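If you want the building blocks of each chain, they are given just below.
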Amino acid sequence: MSAQSPRLRAILDQLPPYVPGKAVRSPDGRSFKLSSNESPYEPLPGVAEAMAEAAMTANRYPDPGALRLTEALARRFQVPEDHIALGAGSVTVAQQILEAVAEPGTEVLYAWRSFEAYPLLADLAGATSVRVPLVDERHDLDAMAEAITDRTRAVFVCNPNNPTGTVTRRSELLAFLDRVPGDVLVILDEAYREYVRDEDVPDGLTIYPDRPNVAVLRTFSKAYGLAGLRVGYLIGHPAVAGAVRKTQIPFAVNAVAQAAAVASLEAEPELLARVESVVKERTRVREALLTQGWEVPATEANFVWLRLGDRTLDFAETCARHGVAVRPFAGEGARVTIADPEANDAFLAAAQEFITA
């Protein structure tokens, strides 16, 4: 028997694993997970009923094309069904996109810091990442446009940006898109779109119809509260959406997830009322942090960003002692999800202790 190991891809030796948000517990037993940008609310009763009913069909394969969900999305956003592609969460749809457009020798461009899965997905696609630094915690679209080469195949614009919560506004985004060659795909990653209240932040679905090289990426994980079920989708022109559907793993969106997503769209007014509660808490938390003496970028997502530099891990430890899990990026800063008032108050107490010390 051979003692040799199978030959694996060399990139795996350099590939950092995706690190999910962690939970912590204080000495007195309190635990508030503000590290994963999850909704603090359980599924609505009607959504839970739809999930339970769909679970009774678990002995059968789900509809591979997720036709009912595709139809529901087409009705909700008034787009043709062939403009829609689905996947197991928006991060998986992003992977499908890169499988469709990227390959060795090509480049994938994005701001940095932005969504931490972008480098991982580019590496797995065999493409080279081109990272353009943020300026004042925001996308530097001029620099991003300058960084496009004949090897660029995809550009991610995360709006609002994760983890800073900052936004790209309509005029600057349109000016940027005018500079992007037509054969380069621009993905408007709008995972947090439902939390946006700044009217000058464009809805990507109003931009893509006139631009064949623009697609919009969204998710049911955040505002819709279905993070545990993994449902994401792309809306773009048929050539792009069709290519992304070709790279989808069969049955990627299971029956329970499809039922929950359809029911969530039907219950959207109730869900968006919950979103409004989070937005109000977002305002309260940011104003409290500013009063404490923190610098906090204006955010249009369901989280706040604190630039901490080499104090980041110390800050995360202080929060952990209060039972609050945050998302630290060592040497840079911490992202903190907006949750229910009790959790937010626990975080504010930890932030006050840290800045006072």
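The structure presented is a predicted model; accordingly, all values stated were derived computationally and were not measured.

Undergrad: Which parts of the structure should I look at to understand the pairing of strand 8 (residues 232–235)?
TA: Regular strands have side chains that alternate between both faces of the sheet. Side chains Gly232 and Leu234 of strand 8 all project onto a buried face; the interleaved residues Tyr233 and Ile235 project onto the opposite face, where all are buried too. Two strands pair when backbone bridges link them, and strand 2 (residues 84–87) and strand 8 are joined in this way by 4 bridges, in the antiparallel orientation. Looking at strand 8, one finds that Ile84 is bridged to Ile235. Where strand 7 (residues 214–219) and strand 8 come together, 4 bridges link them in antiparallel fashion. Bridge pairing links Val216 to Ile235 in strand 8.

Undergrad: Which parts of the structure should I look at to understand the domain arrangement of the protein?
TA: When the parts of a complex come together, some accessible area is lost, and that lost area is often used as the size of the interface. According to the domain assignment, the protein consists of domain 1 (22–43 + 268–356) and domain 2 (45–266). Taking only C-alpha atoms, the centre of domain 1 and the centre of domain 2 are 25 Å apart. Taken together, the contacts link 26 residues of domain 1 with 29 residues of domain 2. A per-residue breakdown of the area domain 1 buries against domain 2 is headed by Pro43, Glu268 and Glu300, which together make up 29% of the total. On the surface where domain 1 and domain 2 come into contact, there are 5 salt bridges. Here Arg76 and Glu268 are joined by a salt bridge, their closest N and O atoms 2.5 Å apart.

The rules we used
Residues numbered from 1 in each chain as written. Predicted model: local features only at pLDDT ≥ 70, side-chain atom pairs only at ≥ 80, totals over all residues. Heavy atoms only, no water. Buried < 20%, exposed > 50% of the residue type's maximum accessible area, 1.4 Å probe, protein only. Helix = DSSP H or I, 4+ residues; strand = E, 2+ residues; numbered from the N terminus. Pairing = 2+ DSSP bridges. Domains from an automatic or database assignment. Contact = heavy atoms within 4.5 Å. Buried area = accessible area lost by both parts, 1.4 Å probe. Salt bridge = Lys/Arg side-chain N within 4 Å of Asp/Glu carboxyl O.

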